[in-house]
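Observations on the three-dimensional arrangement
Given next are the chains, with one letter for each unit.
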Amino acid sequence: MSYSTAESLARVTLDDVRGAQKMLTGVARVTAMEGSRHLSQLVGAPVHFKCENLQRTGSFKLRGAYVRIAGLLPEERAAGVVAASAGNHAQGVALASALLGVHATVFMPKGAPLPKISATREYGADVRLHGMVVDETLAAAQEYAARTGAVFIHPFDHHDIIAGQGTVGLEILEQCPEVRTIVVGIGGGGLAAGIATAVKALRPDVRIVGVQAEGAAAYPPSLAAGRPVAIGNPATMADGIKVGLPGDVPFGIIRELVDEVRTVSEDALSTALLLCLERAKLVVEPAGASPVAALLSRPGAFEGPVVAVLSGGNVDPVLMERVLRHGMAAQGRYLAVRLRLTDRPGALATLLGVLSHVDANVLDVRHVRTDPRLGLTEAEVELHLETKGPEHCAEVGRALREAGYTVMD
């Protein structure tokens, strides 16, 4: 399949997705479908995970990238391809290009996580670090394409990309034919548009629910306006769905076929990531956990059986640590407190004794004596505690106040 710019705006069909599925045979894995007992109990119906975090390169992006590059004309392949990405799309383009014998140049932001940069290089791409944000990286890639003749591989706004991502929808129907609701994260919209195209053509009764992070939710205002609308400075830990402007091609499909777009908070995202790790033993990035966050936020709003698409598992270890702490705090399992005490021998030991009495596990202590805000006989202590839930957090606070300590904001 090869399309001009005008043709790339044409409607993606079920036949296109089926053609992509044949093309991906032996290339992309048919990823596992795993049940979630915990979420099933919350929702009151079976909930399954479609584990694209276990796909080659760690996300669904390989599907669309391979179909797009495989459809290039011989002269286009000879010119090579170029992409811009902070992670998943970069790796998908790099591996797809290597499998097809096409030279790939991938522009990545200078602040991209080192594991993602290393993986992209290991798949065979020429990685160039440019800019500090993806918009700058994207502009550099497009300039490179114009200058060299390399084909720019868009992460979501192309017919072939959407057809490739739609193969996830075909697999869902094969693995869970009784499905009633599919929940999928939305960034630019390629994955949701592809799944909706495939599923609605075969099972128009299945409800498709898209999920965006509250701080990067471009689709709700765009759907209200009837056209893609840019939002300024999208902000979320879920970099895989951190997109400020919907793509023209996926927007048209999502507007017609996706039944609802919900938004989730950062607390819900981190709690969902923690649940996937603890309960399902699955490493999932924040964007991939967004459908789980939606289920946790309003479990009664989804008709089952439900399939939640875990779109990716490429999470930087440093970010993982921060997100897990955030998730633990949201569940009342992690508590940071700051207080002042008299700077005398044994004062810290007395404080730790109070915490031990209420069974709070001290993870870290920061003891400050030299600060212009402190009196000559004062010290400030910041404690990071492992707790057992919201009620235990409240108990810790009461114990500190009853012992005469002032907990600071």
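The preceding data block contains the structure.
None of these values were measured; they are calculated from a predicted model.

This brings us to the sheet that holds strand β7 (residues 181–185). The strand order β1-β2-β10-β7-β8-β9 describes an open sheet built from six strands, whose pairing is mixed. In this open sheet, the two strands that pair with only one neighbour each are β1 (33–35) and β9 (260–264). For this sheet, the mean inter-axis angle between neighbouring strands, taken without regard to orientation, is 25°. Judged from the five bridges that link them, strand β2 (residues 47–51) and strand β10 (residues 306–310) form a sheet pairing that is parallel. Paired with V47 across the strands is V306, a residue of β10. Here helix α10 (residues 167–175) sits on the sheet and contacts β1, β2, β7 and β10; the angle it forms with β2, its principal contact strand, is near 140°. This element, helix α14 (residues 266–279), spans β8 (207–213), β9 and β10 of the sheet and lies at about 90° to β9.

Quick look at the packing of helix α4 (residues 61–70) against helix α6 (residues 88–100) now. As a packed pair, α4 and α6 sit with axes 8 Å apart at the nearest point and diverge in direction by 45°. On the basis of the axis angle, α4 is oblique to α6. As for how α4 packs across α6, the hand of that crossing is right-handed. Each of K61, L62, A65, Y66, I69 and A70 in α4 lies in contact with α6, whose residues at this interface are N88, H89, G92, V93, L95, A96, S97, L99 and L100.

Calculation notes
- Residues numbered from 1 in each chain as written.
- Predicted model: local features only at pLDDT ≥ 70, side-chain atom pairs only at ≥ 80, totals over all residues.
- Heavy atoms only, no water.
- Pairing = 2+ DSSP bridges.
- Helix = DSSP H or I, 4+ residues; strand = E, 2+ residues; numbered from the N terminus.
- Axes fitted to C-alpha atoms, helices over the stretch in contact; angles between N-to-C directions.
- Contact = heavy atoms within 4.5 Å.
- Parallel < 35°, antiparallel > 145°, perpendicular 65-115°, else oblique.
- Left-handed = near helix turned anticlockwise from the far one by under 90°.

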